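So you can see what is in the structure, the chains are spelled out below.
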Amino acid sequence: MSGLQPPRGTHDLIGDTMRRHHHVVETARSVLETYGFEEWSTPIFEDTRVFSRTLGETSDVVSKEMYTFEDRGGESITLRPENTASICRALVTNGLTQSLPQKAFYHGPMFRYERPQKGRYRQFHQIGAELLGAEGPLRDAEVITMAYDILKALGLSEHVVLELNTLGDVASRQAWREALVAYFRQHADALSEESRVRLEVNPLRILDSKSEQDRALLADAPAFADYLNDESRKFWDDLRSYLTAFGVEFVENPRIVRGLDYYSHTAFEFVTTKLGAQGTVLAGGRYEGLVEQMGGPAIPAIGWAGGIERLALLLEETPSVAAGIAIVPMGDEAVLKGASIVRSLREAGLRAEIETRGNMKKRMERIVKSGASHAVVLGDEELARGVVQLRNLGTREQQEVAISDLVQALKGA
RNA sequence: GCGGAUGUAGCUCAGUCGGUAGAGCGCCGGUUUGUGGUACCGGUUGUCGCGGGUUCGAUCCCCGUCAUUCGCCCCA
């Protein structure tokens, strides 16, 4: 055993872990395609400004969680902590602001320097979707419904609840935020120590506090509903109507504020109670200023990202690998013939292995354990007659088949 | 970044009140050139996480460190 380990918070994806991971991505892909989304791949690292400008300088992600370094040319580079900003950058870079809407999805590693826990890693993987050029709440509802369909296809719809909130437009939020700050300033001495910091840095976060003393204050805090302007209120009403029309259930949770600065109007999270403190499994919202910050026109968009590790942890079962066919040659001559047979099976698109090690009992044990569907036994006697024994390992039925008919017999099976 | 728990074979774990480690499972070979997971025989596995200290001697005691894990913060 070597002393080398993967760096803290990183992990290898092998075997069952990789299969679960892959299953999440491919299940999502098939749903995303029914909605007309296409895969985009952006660089894993970007100019630091892509993230620092857009996520909010004071957000935890930017202030303490980014992997930022100078490259040899002196440029400040950051390993992407999320992908939405990159997608917006790519939209502008590739001149796609002229052909809206764009429906993009992505999956891949993200990097945040955090203390690892179950379902939380420093290199983790997200799958996400962005609808760029989302003209109104119908699109928000549609993109949320798409996320729900993916969770359902993964068999998780029973384990997860959609929590929904509105953050209003910039004007509404600004007015409310000022009222909140004024209120909390008045009661600063009653706030928890952490929330006094939040008051300066990200006051909306106080709403999400788990501290008892903070919660006591929240009851009389200014309600956002009183600050929503007419346009924002209509957006919120329409969103809920459309979601209902799509048949997606949700609960309203006014405490969802999201950690990143760029959201407006719609904010949502799919949460579970099964992952300890890491209950959010997929989350997103509407953002209207990001593309403009990347140097493009003001294009409203709606998107979300799901944590692939968290989704994979929730899967009930590990997807199985496809059953194969095992060739069992007995004797040197038979191995040569077995080689040509296994090749012809593979050329026919069948999954096949040639099993040469140990006595026949040991071979059969290994083959059965491997989940193979059929064994093809080939000894001197069969060789002489140009046939094989084809055994169905499920039914234990065995028949003699001419080598020339083997592919057809297996394809029909 | 803060606080708690844990670290012995590939896996699950036992153990030594300080005398350089064991079980089950797994894995490999054979019984068996001819057929199924459970039979029989044999075999394999460890810097007891890493570094330092105390000691004649440390896997065990002490300190540090790394990793995992739970909670806080924050987030997917």
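The coordinates are above.
Note that the coordinates shown come from a computational prediction; the quantities given were computed from them, not determined experimentally.

**Overview of the packing of helix α5 (residues 137-153) against helix α9 (residues 230-246)**
Piece 1. α9 packs onto α5 with a crossing angle of 45 degrees between their chain directions and a minimal axis gap of 8 Å. Judged on the interaxial angle alone, α9 and α5 are oblique. As α5 packs across α9, the resulting crossing turns out to be right-handed. Residues Pro-137, Leu-138, Asp-140, Ala-141, Glu-142, Ile-144 and Thr-145 of α5 lie in contact with α9, whose contacting residues are Phe-235, Asp-238, Leu-239, Tyr-242, Leu-243 and Phe-246.

**Details of the pairing of strand β10 (residues 280-287)**
Piece 1. Burial runs high along β10: seven of the eight residues are buried.
Piece 2. For strand β9 (residues 263-271) and β10, the ladder comprises seven bridges, and the chain directions are antiparallel. Among the inter-strand pairings, Val-271 is bridged to a residue of β10, identified as Thr-280.

**With respect to the sheet that holds strand β14 (residues 374-378)**
Piece 1. Reading across from one edge, β13-β12-β14-β15-β16 is the order of the five strands in this open sheet, with mixed pairing throughout. For this open sheet the edge positions go to β13 (352-354) and β16 (398-402), each flanked by a neighbour on one side alone. Between one strand axis and the next, the sheet turns through 25 degrees on average, direction left out of account.
Piece 2. Summarising the sheet, strand β15 (residues 387-392) and β16 pair through five bridges and their orientation is antiparallel.

**Some words on the sheet that holds strand β3 (residues 67-70)**
Piece 1. Strand order in the open sheet made by the three strands is β2-β4-β3, with antiparallel pairing throughout. The open sheet has two edge strands, β2 (45-47) and β3, and neither has a second partner. Averaged over all pairs of adjacent strands, the angle between their axes in this sheet comes to 30 degrees, without regard to strand direction.
Piece 2. Sheet topology note: the β2/strand β4 (residues 76-79) ladder contains three bridges and is antiparallel. Among the inter-strand pairings, Asp-47 is bridged to a residue of β4, identified as Ile-77.

**Points about helix α13 (residues 360-369)**
Quick reminder: α-helices carry 3.6 residues per turn. Residues three or four places apart thus point the same way.
Piece 1. Listed in full, the buried residues belonging to α13 are Arg-363, Met-364 and Ile-367. Mapping the buried residues of α13 onto a view down its axis gives an arc of 95 degrees, with all of them on the same face. Residues of α13 that are exposed and point over 90 degrees away from its buried face: Lys-361 and Lys-369.
Piece 2. At its buried positions, α13 is contacted by β12 (325-329), β14 and β15.

Definitions and cut-offs
- Residues numbered from 1 in each chain as written.
- Chains lettered and ligands numbered in written order.
- Predicted model: local features only at pLDDT ≥ 70, side-chain atom pairs only at ≥ 80, totals over all residues.
- Heavy atoms only, no water.
- Axes fitted to C-alpha atoms, helices over the stretch in contact; angles between N-to-C directions.
- Helix = DSSP H or I, 4+ residues; strand = E, 2+ residues; numbered from the N terminus.
- Parallel < 35°, antiparallel > 145°, perpendicular 65-115°, else oblique.
- Left-handed = near helix turned anticlockwise from the far one by under 90°.
- Contact = heavy atoms within 4.5 Å.
- Buried < 20%, exposed > 50% of the residue type's maximum accessible area, 1.4 Å probe, protein only.
- Pairing = 2+ DSSP bridges.
- Arc of directions from axis to C-beta.

What is shown is where atoms sit, not what they do.
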